[in-house]
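# Overview (structure and organization)
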Amino acid sequence: MMKFGGTCTSSGDNILRIVDVVQRRLERNDKIVLVISAMAGVTDSLIDLINDALSGNLSKVDEVLSSIKEKHVQACARAIKDEELRRDIIQDIEGLLYELHFMLRVISYLKEASMRTRDRILAFGEKMATKIVTGALMSGGIKAEYLTGGQAGIITDENFGQANPIMMLCEEMLKKNLIPLLEQGIVPVVTGFIGQTVKGVETTLGRGGSDYSATIIGAALEFDEVWVWKDVEGIMTADPKIVPNARPIPKMSYDETVELAYFGAKVLHPLALKPLIEKRIPLRVKNFFNPDSPGTIVHYEAPNDKVVKAVTMIPRVAIITISGAELYETPLIISKVFKSLYDVGANAIMVSQSSSQTNISIVVSGEKLNSILERLKETLPRNCDVSWESDVCVIAVVGSGMRGRPGVAAKVFSTVAKEGVNVRMIAQGASELNISLVVRQEDAIKAVRALHEAFVG
Ligand code: ADP
Ligand code: ASP
Ligand code: MG
């Protein structure tokens, strides 16, 4: 279909850099769809606003809203040179903030915010940033059109907070809505993170979901590449905020990157690669502050020269252990445990079963702990004991080079043992792409740094 093409995600913070990148790609006759995420910290502020509204703290709500407004108005002043356009975009942002304020007041009166309402609120960050980027592009003489994810054609199920795209519908709608714009030389500027149900209700794709929006669009339009723009040199050997000497990884395979994102590398949404894998579309992770550097390219193959390519961490998880079941009951108990996770929309990050088969431990996100415990209490028979431990972290070493190579696990454990770190639970994926372990929260950074030093340092 389209000879050249790309989808970029980027934070609304780097607006003039976005204009520059788009300009350069258009000069090469590339077709581009831009996907924009919220400005830094705005989604977190929106979550705080919901909590402030729920606790009736309306003066705090007003204070935070005016600082959000200030941030966006300042961004308009920096990025939109054309005065009339700037005035229009600021007016649009004021309109969005008015709507947001109204919704927060309703939350504070009702003292209730369902997942559906939360999604409506969280969507404002992307909408405001996308408005500014659209204005900045137009002000730079580029034909651009603002669309929400839903207007573009990202159609999802009703799993508010972590909605799943319905790919067949997305493909049809995205093609129908975006291709005519591209054919007219218009750059569609789409809010990341946001979708909508078949009935037109707004949803979000989970934290970090703008990456996912970009790959859904890139796959639907069968683009040549999808680029995600970050504040780092690409996918790195560890989170540089934890390991200062982490280095960029030039090439990663889809499999390795899926593991890395799943095991906590916040650089990419865990599901973002899914739409690209089937169509074998490469993903590039690029640095906004250094656009000419190649960043990381993720494709179906990558050299497995290194045993371990990266060390990752999922903070704030919990181990739940179910014991006491008779041996013959274990399969039934396990099925009830997983059904309980499903009922509360939780995921088992790691699973381990004791050899006597009467003990099963699962690692879950700390946020979901209470709802899972409640559900287990309702579903499990009385002879089962449920215990848990919070304040623990999952750490994983990831790389296809460990496949079939003996001694990797031994090195992992001796490395953390040397640091005096106690390992609470271990697991290795059958694909042999990762080894993961659970350690206490207070030991986590020490363990990540030691593993990085031992394997990639
Ligand atoms: P945010 O969602 O916080 O705006 P991005 O989506 O732009 O961040 O992702 C970049 C961030 O991901 C970096 O600032 C970095 O701290 C974090 N990160 C975590 N693990 C890695 C990793 N292995 N490689 C690169 N960045 C990582
Ligand atoms: N703004 C959303 C978040 O902070 C989505 C994203 O940044 O990709 O999670
Ligand atoms: Mg992100």
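Anything mentioned here points back to the structure above.
Residues numbered from 1 in each chain as written. Chains lettered and ligands numbered in written order. Predicted model: local features only at pLDDT ≥ 70, side-chain atom pairs only at ≥ 80, totals over all residues. Heavy atoms only, no water.

## With respect to the site of ligand 1
Note the following rule: Only heavy atoms are used to decide nearness, and a residue is near a molecule or strand if one of them lies within 4 Å of it. Counted as a polar contact is a pair of N or O atoms within 3.5 Å, where, for protein atoms, one must be capable of donating a hydrogen and the other of accepting one, and residues adjacent in sequence contribute only when both atoms are in side chains. To measure how exposed things are, a 1.4 Å probe is used in the Shrake-Rupley method; for residues, cover is taken only from the protein chains shown.
Taken together, 13 residues surround ligand 1, and among them Lys-230, Asp-231, Met-236, Asp-239 and Lys-266 come closest. Here an oxygen atom of ligand 1 and a side-chain polar atom of Asp-239 are 2.8 Å apart. Between ligand 1 and the protein, one listed contact pairs an oxygen atom with a side-chain N or O atom of Lys-241 at 2.9 Å. Protein burial of ligand 1: of its 570 Å² of free accessible surface, 79% is covered by the chains.

## What to know about the packing of helix 2 (residues 42-54) against helix 5 (residues 115-139)
How we decide: Between the N-to-C directions of two axes lies an angle of 0 to 180 degrees, each axis being a line fitted to C-alpha atoms and, for a helix, fitted only over the stretch in contact. Helix numbers and strand numbers start at the N terminus; a helix is a DSSP run of H or I with at least 4 residues, a strand a run of E with at least 2. Whether a crossing is left-handed or right-handed is set by the direction in which the near helix is turned from the far one by less than a right angle, anticlockwise for left-handed and clockwise for right-handed. The contact criterion used is simple: two residues touch if any of their non-hydrogen atoms lie within 4.5 Å. Ten residue types, Ala, Val, Leu, Ile, Met, Phe, Trp, Tyr, Cys and Pro, are classed as nonpolar, four, Asp, Glu, Lys and Arg, as charged, and the remainder, Gly among them, as polar.
Direction vectors running N to C along helix 2 and helix 5 enclose 145°, while the axes themselves pass 8 Å from each other. In the packing of helix 2 onto helix 5, the handedness of the crossing is right-handed. Across the interface between the two elements, Val-42, Thr-43, Leu-46, Ile-47, Ile-50, Asn-51 and Leu-54 of helix 2 pack against Arg-118, Ile-121, Leu-122, Phe-124, Gly-125 and Glu-126 of helix 5. Residue classes in the contact of helix 2 with helix 5 are distributed as eight nonpolar, three polar and two charged.

## What about the packing of helix 2 against helix 3 (residues 58-79)?
As a reminder, the rule being used: Angle categories: roughly parallel below 35 degrees, roughly antiparallel above 145, roughly perpendicular from 65 to 115, and oblique for all the rest.
In the contact formed by helix 2 and helix 3, the axes pass within 9 Å of each other and the chain directions differ by 160°. By the criterion of interaxial angle, the relationship of helix 2 to helix 3 is roughly antiparallel. When the axes of helix 2 and helix 3 are compared, the crossing they make is left-handed. Where helix 2 abuts helix 3, its residues Val-42, Ser-45, Leu-46, Leu-49, Asp-52 and Ala-53 lie against Lys-60, Val-61, Val-64, Leu-65, Ile-68, Lys-71 and His-72.

## Describing the sheet that holds strand 12 (residues 350-353)
Defined as follows: Here a strand pair is declared whenever DSSP counts at least two bridges between the two strands.
Read from one edge of the open sheet, six strands run 12-13-11-14-16-15, paired in antiparallel fashion. Where the open sheet ends on each side, the last strands, each with one partner, are strand 12 and strand 15 (423-428). For this sheet the average axis-to-axis angle between neighbouring strands, irrespective of direction, equals 30°. Across the sheet, helix 11 (residues 330-343) touches strand 11 (310-323), strand 12 and strand 13 (359-365), and the angle it forms with strand 13 is around 10°. Running over the sheet, helix 13 (residues 408-418) touches strand 14 (385-398), strand 15 and strand 16 (434-440) and is turned about 20° from strand 16.

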